[in-house]
2 protein chains.
Amino acid sequence: MKAEIIAVGTELLLGQIVNTNAQFLSRACADLGVSVYFQTVVGDNESRLIDAIRIAAGRADLVIFTGGLGPTQDDLTKDALAVYLGRKLHIHQPSMDKIEAFFRHRGAHMVESNRRQALMLEDSDPLPNDTGMAVGVALTNEQTHYVLLPGPPKEMKPMFERYAAAWISSKMTGVHPLYSRMLKFAGIGESLLEHELIDLVQVQSDPTIATYAKEGEVAVRLTTRSATREEAEQKLSPVETEIRQRLGQHIYANEDVTLEEEIIRLMKVRGLQLAVAESCTGGLVSDLLTAVSGSSSVFQGGIVVYTNEWKHRLLGIPMDVLEGNDAPGAISDVTARMLAENLLEQSGTDYAVAITGVAGPGESEGKPVGLVYVAVAQKGGATALKQLQLTGNREMIKLRAAKSALYQLWQLL
Amino acid sequence: MKAEIIAVGTELLLGQIVNTNAQFLSRACADLGVSVYFQTVVGDNESRLIDAIRIAAGRADLVIFTGGLGPTQDDLTKDALAVYLGRKLHIHQPSMDKIEAFFRHRGAHMVESNRRQALMLEDSDPLPNDTGMAVGVALTNEQTHYVLLPGPPKEMKPMFERYAAAWISSKMTGVHPLYSRMLKFAGIGESLLEHELIDLVQVQSDPTIATYAKEGEVAVRLTTRSATREEAEQKLSPVETEIRQRLGQHIYANEDVTLEEEIIRLMKVRGLQLAVAESCTGGLVSDLLTAVSGSSSVFQGGIVVYTNEWKHRLLGIPMDVLEGNDAPGAISDVTARMLAENLLEQSGTDYAVAITGVAGPGESEGKPVGLVYVAVAQKGGATALKQLQLTGNREMIKLRAAKSALYQLWQLL
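Bear in mind that the values here come from a model prediction, so they are computed numbers and not experimental data.

A word on the overall build of chain A
Thought 1: The secondary structure content of chain A amounts to 14 helices and 17 strands.
Thought 2: Taking the principal axes of the C-alpha coordinates as reference, chain A spans close to 80 × 55 × 40 Å.
Thought 3: Counting only residues that meet the buried cut, chain A has 48% of its 413 residues in that class.
Thought 4: In chain A, the share of contacts with a sequence separation of at least 24, taken over all contacts with a separation of at least 6, comes to 65%.

Spelled out as structure tokens, the structure:
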């Protein structure tokens with residue numbers, strides 16, 4: 001099956017945002033065994049959008065749209081496809097009910113344009129939007145399949161994974177389904193990971209091996225086509241075993257979960273509790289942990305000790321450790337250790353994580369950007385200490401420091 | 001001048017990399033006053049590349065390629081354009097000399113394919129590559145301009161900025177550059193924003209008005225073409241004034257800054273300090289504030305009081321307020337107010353922000369998902385309290401609650 005991805009939005013053509021949707025959908029198509037031959041970006045302009053549809057329909061079996069399903073006058077994807085195919089638009093009542101309930105619930109005024117988000121083309125299948133308002137659409141016209149997804153990644157991704165992928169697969173015949181296994185890594189960068197596996201990646205054709213990096217995490221995905229799950233498992237398991245022999249200490253999961261999800265799961269099962277003290281990460285570790293549903297039975301609380309005064313007042317770090325010519329300073333192994341151990345004692349949790357360092361852009365205490373200390377204190381055990389030298393801008397250093405701290409914690413668990 | 005950007009590379013179609021080059025070039029074109037109508041991505045396949053060139057030449061005055069100028073058999077951009085235009089390829093001697101010098105200098109063996117990087121089309125202008133080997137190409141054929149740039153951003157960006165931009169400008173006659181102004185909004189959703197401005201958006205053609213939403217923020221961009229900046233300002237200002245008359249209380253900036261950047265800027269100028277107590281947002285407000293460079297002179301610290309015990313122990317909320325049949329509970333205006341006021345007193349800052357609510361997915365204390373209380377306490381002033389009913393999944397409720405809390409703070413500043 002040959003596919004084309006059409007991203008709709010003038011903000012893409014103005015360079016205001018980068019087309020990450022095309023990347024996500026391209027990769028998702030590859031996983032399904034669909035070959036993407038073209039990606040196109042077109043603005044919020046009906047006639048140019050119709051031109052793009054005509055060209056895509058002439059060279060692809062599957063056209064996937066993202067964007068232009070919202071409530072405003074600029075959201076034209078459904079209208080343009082309806083004109084091109086000569087099909088009518090009608091309201092999808094379950095979506096309309098949901099939109100009306102949303103406004104009733106908020107006590108907000110629903111404007112007429114919000115109805116547009118419930119539109120569907122005739123003879124099409126709805127793709128539910130679990131994280132937003134605009135309903136997606138899938139249909140087939142003269143052997144060409146069309147899938148319409150919203151633009152915001154938070155709506156587009158769940159809609160694709162939960163509904164569109166299965167719809168597309170149902171249109172593919174004579175092809176074995178894909179089975180894949182995701183190995184999630186922590187404490188190792190993508191370059192080094194690829195270097196360690198390069199011989200496997202190059203030789204191995206079934207299952208295929210691909211490495212991914214996103215949001216401070218790296219992963220390896222093993223993929224094979226097989227008639228049955230059992231047959232797939234027989235192909236996937238030996239390759240996973242080989243990878244584990246090389247890099248097992250970095251693998252924290254063999255499914256697509258984040259490191260913080262795995263930590264919360266592990267600690268919940270064992271009835272363990274956690275507290276966090278952050279300086280350079282500024283609340284990010286707490287934010288990551290509390291992003292996990294049900295984290296409240298594990299994560300008790302966090303303290304963002306951004307200034308020396310807060311480090312002193314809230315976690316009892318002596319001022320002569322933090323300041324003075326011969327003092328170790330706020331960015332030191334001494335301070336990291338004391339932050340973690342004092343927090344453990346104060347909070348009565350089983351584990352306490354502390355992070356202090358230089359997120360940049362400038363140095364601090366004469367210490368270089370990217371220098372970070374992580375300490376993990378544990379009830380009845382020795383405190384683990386780690387010094388890191390991270391690279392990247394302020395945002396990346398915060399993220400890498402946060403993930404490194406979680407990795408230190410995971411290793412102790 | 002209407003432009004199309006063609007990025008060439010199978011790795012883009014597989015989703016292995018994201019097309020940041022298209023964003024860079026789109027923005028650069030907008031700055032030059034060139035309107036990008038389409039972006040296309042095509043793989044390393046000569047016939048599909050020629051098809052893409054044919055389509056682009058039919059709808060654009062300027063076609064900008066990025067990628068496919070390297071030494072390998074997969075690098076086909078120059079070959080494909082030469083075939084399409086019926087022009088010969090020849091070696092550009094200065095580029096060839098540079099490539100040979102490079103290999104001599106490294107003592108490395110130059111393989112025949114490296115010569116490909118010095119190729120040019122006949123009757124074309126070279127675009128020097130100051131940071132790599134492959135020479136760029138610019139030419140005009142039957143009123144259509146073609147610019148060929150390398151794929152690696154480290155080579156593409158300098159080549160565009162130093163050479164291609166000037167070449168393109170020299171082909172533009174009688175077109176004024178674009179000027180734009182971004183108004184950033186808080187405390188209002190995109191639908192309502194557009195509803196309030198719909199008459200302006202529809203009537204107004206110069207400057208144009210467009211609304212944008214991303215990561216919990218909304219923005220309006222005003223854009224006009226003018227001979228001079230002064231003339232542009234004269235067109236932009238009355239429209240901004242009209243929008244401010246309608247929605248001024250929601251406009252926190254007239255440039256592209258985040259709400260937290262604007263808050264840090266304002267508080268820094270006024271020498272004000274801030275502390276944050278978070279329950280349902282779990283550290284996100286602190287994380288957003290500390291994402292701003294230089295936030296440390298304003299943001300003193302934050303406390304993530306995730307459990308009732310932490311609310312009690314760290315911020316002195318009485319247990320009989322938090323728990324018990326007739327107690328207001330942790331999710332209440334009473335608790336929000338006490339968190340903010342106690343934090344203000346403890347920290348000695350000028351402002352203290354507190355957030356408590358239900359991020360979901362399940363209800364808490366019998367209170368519905370999305371119910372959030374925000375309190376902002378200030379030195380020598382009354383505490384501002386706000387009850388919100390937010391929608392979305394856990395992640396979206398955290399983000400919307402965090403941005404709403406920052407909006408409450410900004411209103412007081």
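Picking up after the structure, the text goes on.
Some thoughts on the confidence of the model for chain A
The predicted coordinates should not be examined in detail at positions where pLDDT is low.
Thought 1: For chain A, per-residue confidence averages 93 on the pLDDT scale, and residues scoring 70 or more make up 100% of the total.
Thought 2: Here the predicted complex carries an ipTM of 0.74, next to a pTM of 0.74.

Regarding the interface of chain A and chain B
Thought 1: The interface is formed by 58 residues belonging to chain A together with 57 residues belonging to chain B.
Thought 2: For strand β14 (residues 299-305) of chain A and strand β14 (residues 299-305) of chain B, the ladder comprises five bridges, and the chain directions are antiparallel. Within β14(B), the position partnered with A:Gly301 by the bridge is B:Val305.

Quick look at the sheet that holds strand β1 (residues 2-8) of chain A
Thought 1: Here we have twelve strands laid out as an open sheet, ordered β6(A)-β7(A)-β8(A)-β3(A)-β1(A)-β2(A)-β2(B)-β1(B)-β3(B)-β8(B)-β7(B)-β6(B), and mixed in their pairing. Whereas interior strands pair on both sides, the edge strands pair on one side only; in this sheet they are β6 (125-127) of chain A together with β6 (125-127) of chain B. Geometrically, the sheet is characterised by an average inter-axis angle of 15° between neighbouring strands, direction not taken into account.
Thought 2: The pairing of strand β1 (residues 2-8) of chain B with strand β3 (residues 62-66) of chain B spans five bridges and is classified as parallel.

A look at helix α13 (residues 333-347) of chain A
Residues and elements named next belong to chain A.
Thought 1: In this model α13 runs 21 Å from its N-terminal to its C-terminal C-alpha over 15 residues, within 8% of the 21 Å that 1.5 Å per residue would give.
Thought 2: Taken together, the buried positions of α13 are occupied by Thr335, Ala336, Met338, Leu339, Ala340, Leu343, Leu344 and Ser347.
Thought 3: Following α13 by one or two positions, Gly348 has its phi on the positive side, about 70°.

Comments concerning unusual backbone geometry
Thought 1: Geometrically, the link from A:Gly360 to A:Pro361 is a cis peptide bond, its omega value of 10° lying close to zero.
Thought 2: With respect to the helices and strands, A:Pro361 occurs in the loop between β15 (351-357) and β16 (371-378).
Thought 3: In the Ramachandran plot, B:Asp123 falls in the positive-phi region, its phi being about 55° despite a non-glycine side chain.
Thought 4: With respect to the helices and strands, the residue B:Asp123 is situated in the loop between β5 (119-121) and β6.
Thought 5: Residue B:Glu142 is not a glycine yet carries a positive backbone phi of 50°.
Thought 6: Topologically, B:Glu142 is positioned in the loop between β7 (136-141) and β8 (144-149).

Describing the domain arrangement of chain A
Residues and elements named next belong to chain A.
Thought 1: Partitioning chain A into structural domains gives domain 1 (2-170), domain 2 (178-253) and domain 3 (259-412).
Thought 2: One C-alpha centre belongs to domain 2, the other to domain 3; they are set 31 Å apart.
Thought 3: Listed as interface residues are seven residues of domain 2 and, on the opposing side, seven residues of domain 3.
Thought 4: A breakdown of the residues in the side of domain 2 that touches domain 3 according to their chemical character gives three nonpolar, two polar and two charged.

Examining the packing of helix α3 (residues 46-59) of chain B against helix α4 (residues 77-85) of chain B
Residues and elements named next belong to chain B.
Thought 1: Running from N to C, α3 and α4 cross one another at 60°; their axes reach a closest spacing of 9 Å. One finds that α3 runs oblique with respect to α4. For the pair α3 and α4, the sense of crossing is right-handed. Touching Glu46, Leu49, Ile50, Ile53 and Arg54 of α3 are Thr77, Asp79, Ala80, Leu81, Val83 and Tyr84, all from α4.

Re the pairing of β15(A)
Looking along a regular strand, one sees side chains alternate from face to face of the sheet.
All names here are of chain A.
Thought 1: With seven of seven residues buried, β15 lies mostly within the body of the structure.
Thought 2: A two-sided burial pattern is seen for β15, the buried positions comprising Tyr351, Val353, Ile355 and Gly357 on one face and Ala352, Ala354 and Thr356 on the other.
Thought 3: Relative to β15, strand β13 (residues 274-278) is paired through five bridges, and the arrangement is parallel. Within the sheet, the bridge partner assigned to Leu274 lies in β15 and is Tyr351.
Thought 4: As paired elements, β15 and β16 share seven bridges and run antiparallel to each other. Looking across to β16, one finds that Ala352 is bridged to Ala377.

With respect to the sheet that holds strand β11 (residues 217-225) of chain A
Residues and elements named next belong to chain A.
Thought 1: What the four strands build is an open sheet, ordered β10-β11-β9-β12; its pairing is antiparallel. The open sheet is flanked by β10 (208-214) and β12 (251-253), the only strands paired with a single partner. The mean inter-strand angle of the sheet, taken between neighbouring strand axes irrespective of direction, is 35°.
Thought 2: As judged from the two bridges shared by strand β9 (residues 178-185) and β12, these two strands associate in the antiparallel manner. Each bridged residue has a counterpart across the sheet, and for Phe185 the counterpart in β12 is Ile251.

Some words on helix α14 (residues 394-412) of chain A
Residue and element names in this part refer to chain A.
Thought 1: Taking 1.5 Å per residue, 19 residues should reach 27 Å; α14 reaches 28 Å between its end C-alpha atoms and fits that length.
Thought 2: Those residues of α14 that sit buried are Ile397, Lys398, Ala401, Ala402, Lys403, Ser404, Ala405, Leu406, Tyr407, Gln408 and Leu409.
Thought 3: Along its buried surface, α14 packs onto β11, α9 (259-269), α10 (284-290), β15, β16 and β17 (384-389).

With respect to the environment of A:Leu406
Thought 1: The residue A:Leu406 is located in helix α14 in this model.
Thought 2: Residues within four places of A:Leu406 in sequence aside, it is in contact with A:Leu259, A:Glu260, A:Ile263 and A:Val285.

Some points on the environment of B:Ile317
Residues and elements named next belong to chain B.
Thought 1: Turning to its location among the elements, Ile317 is positioned in the loop between α11 (308-315) and α12 (319-322).
Thought 2: Remark: the alpha-carbon pair of Ile317 and Ser180, spanning 137 residues in sequence, is separated by 49 Å.
Thought 3: Here Ile317 is in contact with Lys311, His312, Leu322, Thr335, Met338 and Leu339, once residues within four sequence places are set aside.

Details of the environment of B:Leu69
Residue and element names in this part refer to chain B.
Thought 1: Among the structural elements, Leu69 can be located in the loop between β3 and α4.
Thought 2: Remark: the alpha-carbon pair of Leu69 and Pro152, spanning 83 residues in sequence, is separated by 9.9 Å.
Thought 3: Residues within four places of Leu69 in sequence aside, it is in contact with Asp75, Thr77, Lys78, Gln117, Ala134, Leu148 and Pro150.

Focus: the nonpolar core
Thought 1: Formed by 141 residues in total, the largest nonpolar core has its most connected members in A:Leu339, A:Ala340, A:Val353, B:Leu339, B:Ala340 and B:Val353.
Thought 2: With residues near it in sequence (within four places) discarded, B:Val353 still touches B:Val276, B:Val285, B:Ala340, B:Val376, B:Ala405 and B:Leu409.
Thought 3: Counting residues in hydrophobic clusters, the runner-up holds 110 residues, among them A:Ile55, A:Ala80, B:Leu32 and B:Val36.

Overview of the pairing of β1(B)
Residue and element names in this part refer to chain B.
Thought 1: For β1, a buried count of six out of seven residues is recorded, marking the element as mostly surrounded by other parts of the structure.
Thought 2: Sheet topology note: the β1/strand β2 (residues 35-42) ladder contains seven bridges and is parallel. Each residue of the ladder has a partner; that of Ala3, found in β2, is Val36.

What counts and what doesn't
- Residues numbered from 1 in each chain as written.
- Chains lettered and ligands numbered in written order.
- Predicted model: local features only at pLDDT ≥ 70, side-chain atom pairs only at ≥ 80, totals over all residues.
- Helix = DSSP H or I, 4+ residues; strand = E, 2+ residues; numbered from the N terminus.
- Buried ≥ 20, exposed ≤ 12 C-beta atoms within 10 Å, placed from the backbone.
- Contact = placed C-beta atoms within 7 Å.
- pLDDT = per-residue confidence, 0-100.
- Pairing = 2+ DSSP bridges.
- Axes fitted to C-alpha atoms, helices over the stretch in contact; angles between N-to-C directions.
- Expected span 1.5 Å × (residues − 1).
- Domains from an automatic or database assignment.
- Nonpolar A, V, L, I, M, F, W, Y, C, P; charged D, E, K, R; others polar.
- Parallel < 35°, antiparallel > 145°, perpendicular 65-115°, else oblique.
- Left-handed = near helix turned anticlockwise from the far one by under 90°.
- Core = buried A, V, L, I, M, F, W, Y, C linked by C-beta atoms within 7 Å.

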